[in-house]
Amino acid sequence: RNPMNPIWLVYGTIVLMAGILGGRLPAPLRRRLVLVAAAAGILQLVSTHYALNPLVDRRFFEDPIPAMRHVRSSSGPARIYAEPPLAPLVRGPTPILVDLGQVDFLPPVAQVSYTYRLSAQWSAGVLGLENSFTADPEHILLEHQATVNKMVHDMIMMGEPLERLLRLGSVDYAFFKEQPPPAGLEPVGAGNNATTRPVGVYRVPNALPRAYLVSAREAVVLPAGQTTMHRLLSTEFDPARQVVLEKAPLSAPTPEPANSNNGFSGEARLLRRDALNVEVEAAPSAPAYLVLTDSYNPDWRVTVNGKPALLLRANQMFRAVALPAGRHRVAFRYRPMSLAWGAAVTLATALLTLVFAARQKP
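Treat the numbers as computed from the prediction; the structure is a model and nothing was measured.

Digging into the sheet that holds strand β6 (residues 186-193)
Spatial strand order, β4-β1-β5-β7-β6: 5 strands in an open sheet with mixed pairing. Only two strands of the sheet have a single neighbouring strand rather than two, namely β4 (130-131) and β6. Here 4 bridges tie strand β5 (residues 173-176) to strand β7 (residues 196-203), and the two strands are oriented antiparallel to one another. Directly across from F176, in β7, lies its bridge partner G200.

If you want it as structure tokens, here you go:
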């Protein structure tokens, strides 16, 4: 672990203060040493923040990045893919370092963050975008989502496999600065990137909508992981009409006979979408799966026409639910068990505190 990480500086300050307070030093000296230790910890945190956080300068907010003028979205925040940093990038035996340049109004370390921001690599939320397939240094993603992110970000996936994943993830635009974009993407413009090379903006054609329907006949059940990834990246897999499920639902929809003359059709329309709630109106002509290209997490709850349904993991990292034929209203709600446990512990602690305080009264 990095000993200069701010959290370790906080721990070190606490241990130092505990040692001072617990020692046998004279009281006046202890007070002075505690003040010195606290000031040293605070100054170190302020210094670290100023060196690493480019948000200390208002221009980080106020200057729209040039590449953004090419981004258009009529259905909520645009979903973008930003090429991962390639510095240092090893090509053959000789390492090639990307020139990150200089930004005159930021501290030396923060200029790196600013150039990444201009490439939309670290700033999706600030810019009102939804970033896709990004780094996961804090390891907050579920294992099977992290597998995809590692392939795309850490291993720097390129070419047709990357284009396939961009379509699969409903990505609207892709930003590239160093690596060549997949051949199937449509260039729409470029934007300056401070002292580094321009950022190319590309539209992802035929990207899947955020919510869509797949006939129950076209679903296949495979274990999440490499088996599913091989299927998703195969040219035989059509993400627009097929889906890979981690497991079959308890009450799988009965598909139409294979020789049925009725072609499958259906419409899925987003009614509401925010961080904790998603509502979709879906009308499949036959038993189907509704696929929502938002991240899967078991803490999401799903209802169909107000009745609880089983949430499924679809295409390695997204959500799905089984639907019979007809018109349905599907609601996804984020209800983590940790929140319920936290509320229960807080309530129990409050009650025990009240009981203890009552017993202490004379």
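A look at the layout of surface pockets
For the largest pocket, the calculated volume is near 1400 Å³. What lines the largest pocket is a set of 40 residues, among which T134, A135, I140, L141 and N149 lie closest to the centre. At the level of elements, β1 (79-82), β4, α5 (143-154), β13 (288-295) and β17 (318-323) are the ones that each hand at least two residues to the lining of the largest pocket. In terms of residue class, the lining of the largest pocket is made up of 20 nonpolar, 12 polar and 8 charged.

Some details on the packing of helix α6 (residues 159-168) against helix α7 (residues 226-233)
Direction vectors running N to C along α6 and α7 enclose 95 degrees, while the axes themselves pass 10 Å from each other. When the interaxial angle is binned, α6 and α7 end up roughly perpendicular. In this structure, α6 uses P161, R164, L165 and L168 to contact α7, whose residues at the interface are M229, L232 and L233.

Here's the deal with the packing of aromatic side chains
For the coordinates displayed, the defined rule picks out 3 aromatic pairs. Seen from their ring centres, Y81 and F176 are 5.8 Å apart, and the 55 degrees between their planes marks the pair as tilted. With Y81 in strand β1 and F176 in strand β5, this residue pair connects regions lying 95 residues apart in the sequence. Judged by relative accessible area, which is 0%, Y81 ranks as buried. F176 gets classed as buried once you look at its relative accessible area, which sits at 4%. Pairing F176 with Y202 gives two aromatic rings, centres 5.8 Å apart and planes at 75 degrees, and the pair type is edge-to-face. You can see F176 sitting in strand β5 and its partner Y202 sitting in strand β7, a full 26 residues away along the chain. An identical accessibility class is assigned to F176 and Y202; each is buried. Three or more aromatic residues link up through ring pairs in this structure, and these residues are Y81, F176 and Y202.

Remarks on the pattern of salt bridges
Overall, the coordinates contain 17 salt bridges when judged by the stated rule. Between D172 and R210 there is a salt bridge; the shortest N-O distance is 3.2 Å. Taken as a pair, D172 in the loop between α6 and β5 and R210 in the loop between β7 and β8 (211-215) lie far apart in primary sequence, 38 residues in all. The buried category is assigned to R210, whose relative accessible area is 9%.

Details of the side chain of H70
In this structure, H70 sits in the loop between α3 (59-62) and β1. Looking at H70, its side chain comes within polar contact range of the main-chain oxygen of V188, at 3.4 Å. Apart from the residues within four sequence positions on either side, H70 is in contact with Y173, V188, G189, A190 and V201.

Some words on the sheet that holds strand β14 (residues 300-304)
Reading across from one edge, β11-β12-β18-β14-β15 is the order of the 5 strands in this open sheet, with antiparallel pairing throughout. Of all strands in the sheet, those bounded by a partner on one side alone are β11 (266-273) and β15 (307-309). Across the sheet, the mean angle from the axis of one strand to that of its neighbour is 30 degrees, orientation sign disregarded. As paired strands, strand β12 (residues 277-284) and strand β18 (residues 328-334) are joined by 6 bridges and run antiparallel to one another. Across the sheet, E281 pairs through a bridge with R329, a residue of β18.

Scoring rules and cut-offs
Residues numbered from 1 in each chain as written. Predicted model: local features only at pLDDT ≥ 70, side-chain atom pairs only at ≥ 80, totals over all residues. Heavy atoms only, no water. Pairing = 2+ DSSP bridges. Helix = DSSP H or I, 4+ residues; strand = E, 2+ residues; numbered from the N terminus. 1 Å grid on protein atoms, 1.4 Å probe; cavity = no way out; pocket = protein on both sides within 12 Å on 5 of 7 lines; lining within 4 Å. Points joined across faces, edges and corners; volume = space filled by probe spheres on them. Nonpolar A, V, L, I, M, F, W, Y, C, P; charged D, E, K, R; others polar. Axes fitted to C-alpha atoms, helices over the stretch in contact; angles between N-to-C directions. Parallel < 35°, antiparallel > 145°, perpendicular 65-115°, else oblique. Contact = heavy atoms within 4.5 Å. Phe/Tyr/Trp six-rings, centres within 6.5 Å; stacked < 30°, edge-to-face > 60°. Buried < 20%, exposed > 50% of the residue type's maximum accessible area, 1.4 Å probe, protein only. Salt bridge = Lys/Arg side-chain N within 4 Å of Asp/Glu carboxyl O. Polar contact = N/O pair within 3.5 Å; in protein donor to acceptor, adjacent residues only side chain to side chain.

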